[in-house]
Amino acid sequence: MPKSFRRVLFYFLLFLFILTTSLVFGYANGWSLDFRRLNWTRLGGIFIRSNPPDALITINGSPLKSGFGSLGIGAKNGIFSKGELVSGLIPAFYDLKVQKEGYRVWEKKLEVQPGLVSSVSKINLIPESPKEVFLDFDLDDFWMVGERVVARSKDRLFLIDDEGKKTFLRGSNVLRSDRFGRRIITASGRDVFLINLADAGSAFNLSGLFYSLKERILGLPGEVEIKESVFHPFLPDKFLFLTKKALYLLDVKKPDLQLIGASSSDRLKELGVLYPEAEKSVIAEDGKKQAFLNSRGSVGVLFLKDYNWDFRKKAGETEVIGKEGKIVITFDWWNKEADHLLLNYGDELILTEVDDRSERNQWVIGRNVKSFGQSRKGDKIYILNYAGVLKKLELD
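As the structure is a computational prediction, the values presented were derived from the model and not from experiment.

Draft legend 1. Representation of the overall build of the chain within the structure. Looking only at helices and strands, the chain features three helices and 37 strands. A buried classification covers 44% of the 396 residues belonging to the chain. Residue pairs at least 24 apart in sequence account for 45% of intrachain contacts in the chain once pairs closer than 6 positions are excluded. Put simply, the chain shows about 21400 Å² of open surface, and 53% of that area lies on carbon and sulfur atoms.

Draft legend 2. The arrangement of the packing of aromatic side chains in detail. Per the counting criterion, the structure on display carries eight aromatic pairs. Here the aromatic rings of F210 and F241 are separated by 4.7 Å at their centres, their planes lie at 10 degrees, and the arrangement is stacked. Here the residue F210 occupies a position in helix α2 (residues 206-216), and F241 occupies one in strand β22 (residues 238-243), the gap between them amounting to 31 residues. Just as F210 is buried, F241 falls in that class too. Seen in terms of ring centroids, Y307 and F311 are 5.1 Å apart; in terms of plane orientation they differ by 40 degrees. Their pairing is tilted.

Draft legend 3. Spotlight on the nonpolar core. Residues I48, L96 and I381 are the most contacted members of the largest nonpolar core, which totals 32 residues. V301, Y307, Y345 and V354 belong to the second-largest nonpolar core, a separate cluster that totals 17 residues.

Draft legend 4. The side chain of S371, seen in detail. On the secondary structure map, S371 appears in strand β35 (residues 369-374). Residue S371 is classed as buried on the basis of its relative accessible area, which comes to 16%. Each residue touching S371, except ones within four places of it in the same chain, is listed here: D141, F142, N344, Y382, I383 and L384.

Draft legend 5. Summary view of the sheet that holds strand β27 (residues 299-303). Ordered in space as β25-β26-β27-β30, the four strands form an open sheet in which the pairing is antiparallel. With one partner strand each, in any of the chains shown, β25 (281-283) and β30 (318-321) form the two edges of the open sheet. Adjacent strand axes in the sheet meet at a mean angle of 20 degrees when their direction is disregarded. Where β27 lies against β30, four bridges are found, and the strand directions are antiparallel. Note on β30: the bridge partner recorded for L302 is T318.

Draft legend 6. Expanded view of the pairing of strand β23 (residues 246-251). With six of six residues buried, β23 lies mostly within the body of the structure. Alternating positions in β23 separate into two faces, A246, Y248 and L250 on one and L247, L249 and D251 on the other, with burial throughout. Across five bridges, β22 lies against β23 in antiparallel orientation. Of the residues in β23, the one forming a bridge with L240 is L249. Counted between consecutive antiparallel strands, the loop separating β22 from β23 contains two residues. Where β23 lies against strand β24 (residues 256-262), six bridges are found, and the strand directions are antiparallel. Bridging across to β24, L249 finds its partner in Q258. In sequence, β23 turns back onto β24 through a hairpin of four residues.

Draft legend 7. Focus on the pairing of strand β19 (residues 191-196). Of the strand pairs in this sheet, strand β18 (residues 183-188) and β19 are connected by six bridges, and their pairing is antiparallel. Each bridged residue has a counterpart across the sheet, and for R183 the counterpart in β19 is N196. Here β18 hands over to β19 after two residues, with G189 in that stretch at a positive phi of 65 degrees. Relative to strand β20 (residues 204-205), β19 runs antiparallel, the two sharing two bridges. Within β20, the residue paired with F193 across the bridge is N205.

About the criteria used
- Residues numbered from 1 in each chain as written.
- Predicted model: local features only at pLDDT ≥ 70, side-chain atom pairs only at ≥ 80, totals over all residues.
- Heavy atoms only, no water.
- Helix = DSSP H or I, 4+ residues; strand = E, 2+ residues; numbered from the N terminus.
- Buried < 20%, exposed > 50% of the residue type's maximum accessible area, 1.4 Å probe, protein only.
- Contact = heavy atoms within 4.5 Å.
- Areas by Shrake-Rupley, 256 points an atom, 1.4 Å probe, with all protein chains shown as cover.
- Phe/Tyr/Trp six-rings, centres within 6.5 Å; stacked < 30°, edge-to-face > 60°.
- Core = buried A, V, L, I, M, F, W, Y, C linked by side-chain atoms within 4.5 Å.
- Pairing = 2+ DSSP bridges.
- Axes fitted to C-alpha atoms, helices over the stretch in contact; angles between N-to-C directions.

Here you go:
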């Protein structure tokens, strides 16, 4: 073998060794050669968590398997035991799809950036055909009180259990419920009642006590129009009564009545017990987002604090969520996952993501919807249609 050939072979093998070593060392430190752009780039990843956890995940059409998928990328468990960490990805846009038989498909185009992990950790698949339970017919309205359903038909209130059994209640309208979902305040004309739902067949006449103490203790005319009657925000045995001229504090345990001051709804707002615009603005459970109904009939989301979870928003940023040409009637944050909203357009009830990275996933879960409610866990959605039929959808 000529000496010149051996020299060329030596340098060629040395070049291959240096190149291979560089590639291995770079990849071990999160770098790779991007053959499309012909440059070195830092690798990124995607963290995926779905419910149900055994759903099939595909990235760019290739199925991801726990441990090592057909994409040639790692799917690690450990601290990510409730999800999949897909590492070693060249920075680019990836088409993600999560699906399971009997559930609706979730899809999103997600960007992977150099040295960063993009996260989609709040994927909740919705059943294609949720189990429906019909609870009652010929209803005018209903309210969710904790996990209980209070309904009204022809000016009569009643409590409905999961089997459809009714317990009739005093009053014809529900004014308030306490924060534990155990008691409600109802009204019928000028009469106001307190009802403990554990003993729903009995009721305490709050307005009767209020009128009596107003005359006996304060020496004022008893029966007047009550504009508002609400639970005290901190003291379970006390109630606030607002009339045309004054604000009163009623203690049902002593019993006692105090005149607090001149009538003012603003004073009740300061105490955190009166929300006259509750149907127009709702703060998410995490306290970082506020949904509101704008003048165009769409729902806006205002970020009250910096949001750095799956997607990132600065405090003060807003997003608009809605369907072109349609007006939202009522809305609420989904109790199961606070990055989703329930939007009632009247003809349909939509469950939508807030995440605006590529097109939002939205699913129709009800049609001909007059009003809706949900359980505390969000796993049950209650829908009253315009024919007065109340049904429960089970989303698990």
